[in-house]
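Observations on chain architecture
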Amino acid sequence: MSDYLSSEQNVAVAAVRRACKLTTSVFNNLVKGETLVKGDKSPVTVADFSAQAVINTILLRAFPHDPIIGEEDASDLRTNELLRTRVVDLANEALSEKPNVEAGEEPSWGIGQKWGADDLLAAIDKGNYEGGRSGRMWTLDPIDGTKGFLRGGQYAVCLALLVDARVELGVIGCPNLPLDPSSPDGARGALFVAVRGHGTHQLPLFPTLSADHTHIPLRMPTLALSQLRFLESVEKAHAALDTNARIAEVLGVTEAPARMDSQAKYAALARGDGNGGVYLRLPTGVGYREKIWDHAPGSLLIEEAGGIVSDSRGQSLDFGLGRTLGENFGVVAAGKAVHAQILEAIKGLGGAPGI
Ligand SMILES: Nc1ncnc2c1ncn2[C@@H]1O[C@H](COP(=O)(O)O)[C@@H](O)[C@H]1OP(=O)(O)O
Ligand SMILES: [Mg+2]
Ligand SMILES: [Mg+2]
Ligand SMILES: [Mg+2]
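For every chain, the first residue of the written sequence is number 1, and numbering continues from 1 along that sequence. Chains carry letters from A onward and ligands carry numbers from 1 onward, assigned in written order. Given that this is a predicted model, residues contribute local features only at a pLDDT of at least 70 and side-chain atom pairs are listed and counted only at 80 or more, while totals for whole chains, interfaces and linings are drawn from all residues. Water and hydrogen atoms were dropped before computing side-chain values, which therefore reflect all heavy atoms in the structure.

Some words on helix α10 (residues 339-348)
- Only protein chains enter the area calculation, which uses a 1.4 Å probe; residues under 20% of their type maximum are buried, those over 50% are exposed, and those in between are partly exposed. A run of H or I in DSSP counts as a helix once it spans at least four residues, and a run of E counts as a strand once it spans at least two, with each numbered from the N terminus. Burial in α10 covers these residues: His339, Ile342, Leu343, Ala345 and Ile346. Each buried residue of α10 sits inside an arc of 160° when the element is viewed along its axis, so together they form one side. Residues of α10 that are exposed and point more than 90 degrees away from the buried face comprise Ala340, Lys347 and Gly348.
- For this analysis, residues touch if any pair of their heavy atoms sits within 4.5 Å. Packing partners of the buried residues in α10 comprise α7 (241-251), β12 (277-281), β13 (307-310) and β14 (331-335). When we speak of the arc, we mean the arc of directions from the helix axis to the C-beta atoms.

A closer look at the nonpolar core
- The term nonpolar core refers to a set of buried residues drawn from Ala, Val, Leu, Ile, Met, Phe, Trp, Tyr and Cys, joined through side-chain atoms within 4.5 Å. If you look at the biggest cluster of nonpolar residues, it comprises 54 residues, and the most contacted ones within it are Ile55, Trp138 and Leu169.
- Ranked by the residues each element gives to this core, the list is headed by helix α1 (residues 6-29), at 10 residues.
- Look past the residues within four positions of Trp138 in its chain and what remains in contact with it is Glu8, Ala12, Leu59, Phe63, Asp66, Pro67, Ile68, Ile69, Leu159, Ala160, Leu161 and Leu169.
- Counting residues in each nonpolar core, the second largest holds 38 residues, with Cys174, Ala296, Leu300 and Leu301 among its members.

Quick notes on the pattern of salt bridges
- Salt bridge, as used here, is a side-chain nitrogen of Lys or Arg placed within 4 Å of a carboxyl oxygen of Asp or Glu. According to the stated counting rule, one finds 21 salt bridges in the structure shown.
- Between Glu8 and Arg136 there is a salt bridge, with its nearest N and O atoms 2.8 Å apart. Of this pair, Glu8 sits in helix α1 while Arg136 sits in strand β4 (residues 136-144), and the two are 128 residues apart along the sequence.
- The partner of Glu71 in a salt bridge is Lys38, and the shortest N-O contact between them spans 3.1 Å. Taken as a pair, Glu71 in the loop between β3 (68-70) and α3 (75-79) and Lys38 in the loop between β1 (35-37) and β2 (43-45) lie far apart in primary sequence, 33 residues in all.
- Shared partners join several salt bridges into a network, and the residues in it are Lys147, Arg151, Glu235 and Asp261.

Remarks on the side chain of Ser299
- Considering the arrangement of structural elements, one finds Ser299 in helix α9 (residues 296-304).
- Of the residues examined, Ser299 reaches a relative accessible area of 4% and is grouped as buried.
- Residues in contact with Ser299, not counting those within four places in the same chain, are Val167, Tyr266, Val309, Leu317 and Phe319.

Here's the deal with the domain arrangement of the chain
- The start and end points of each domain follow an automatic or database-based domain assignment. Each assigned domain of the chain is listed here: domain 1 (6-218) and domain 2 (225-348).
- On a C-alpha basis, the centres of domain 1 and domain 2 stand 24 Å from each other.
- Taken together, the 48 residues of domain 1 in the interface contact 30 residues of domain 2.
- A buried area of about 2,800 Å², summed over both sides, lies between domain 1 and domain 2, and 61% of it is on carbon and sulfur atoms.
- There are five salt bridges connecting domain 1 and domain 2.
- Between Arg133 and Asp318 there is a salt bridge; the shortest N-O distance is 2.8 Å.
- Any N or O atom pair separated by 3.5 Å or less is treated as a polar contact, with the protein-specific requirement of one donor-capable and one acceptor-capable atom, and with residues adjacent in sequence counted only for side-chain atom pairs. On inspection of domain 1 and its partner domain 2, the count reaches 17 residue pairs in polar contact (both at pLDDT 80 or more).
- Residue assignment for the side of domain 1 that touches domain 2 shows that the elements contributing at least two residues are β3, β4, α6 (146-151), β5 (156-163), β6 (166-178), β7 (188-195) and β8 (199-204).
- Examining the composition of the side of domain 1 that touches domain 2, we find that nine residues originate from one element, β6, more than from any other.
- Among the residues forming the side of domain 1 that touches domain 2, the class breakdown is 24 nonpolar, 15 polar and nine charged. Here the quantity called buried area is the total loss of accessible area, with a 1.4 Å probe, experienced by two parts when brought into contact, counted for both. Gly counts as polar in this scheme, as do all residues outside two lists: the nonpolar Ala, Val, Leu, Ile, Met, Phe, Trp, Tyr, Cys and Pro, and the charged Asp, Glu, Lys and Arg.

Below, the structure is given as structure tokens:
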């Protein structure tokens, strides 16, 4: 582990690990009535709320002065007692486990104890910061890819530290991603840590041996255009998948795309899974504003593994505009050798849906 932001790394890794243990156990026991549909028609579950309660509780105690931009808020829990009780119980189960001192956990982070409902709901609502260009702030997606989570597919618990609108630390837990991409049916659960200037590393999400704390450095493979395989969304409403197919044709990419939900795509790309080579997320043309918590940690994973991330027009992602990425539309993440050519191919299709 690098010395730069070492205590932030420790806290973020511990918080994401505890949240992932929680989401994994909720998936195995999720019952009817524990999923709501939000105003924007997207789903949210007791696991999203309780993971945000756990991570925010830890961040608030470890770094009391840092604001948090989190996806969820507690308003639905204030009016739904059944849901509130379940979220409080789940969060307390995760928080009350005694600190693993060997792994660097500290009791002062609010762990090893239970919290009251008011404290936990307030912790969830601490994610309401509006963001901006200056200062330190965290951004959290407690479950990225809730639809993937509900399907038993890929999802990710995603946390990033921004300093003056630049991502300095990104931590992503992927409970359903194979730890070793060469054994897709082997152990699942991978954790990714990227630190600005210090690379991207992978470690097991659920360590059992002390050797499991070894950080493995990740480097994106250098691939030619013809070797690429697109990584893209499962959900048609999230990205213009038909346009991706046209771009694949233009570039001479013949492999069928790999589809997965969430920022697990960035993790798989940073690791070079299945010759990914490019994550293409073209806007669908409905004016959807991308959220900063959906791209902050993932983009640093790519940059620190040697790749480039831009929006679909080649602009850098701007994390200093508040909760959304403002005028950035879509994402193109790829290796240095091919990124510019992919942007050219997108430009060449000007007028296609989403461009
Ligand atoms: N219309 C949309 N266009 C692009 N992204 C969307 C849209 N609606 C929701 N999302 C977000 O896409 C992310 C997952 O995308 P994918 O898994 O396809 O990469 C989620 O964070 C989801 O937000 P939310 O968390 O609010 O549901
Ligand atoms: Mg998300
Ligand atoms: Mg989410
Ligand atoms: Mg959501």
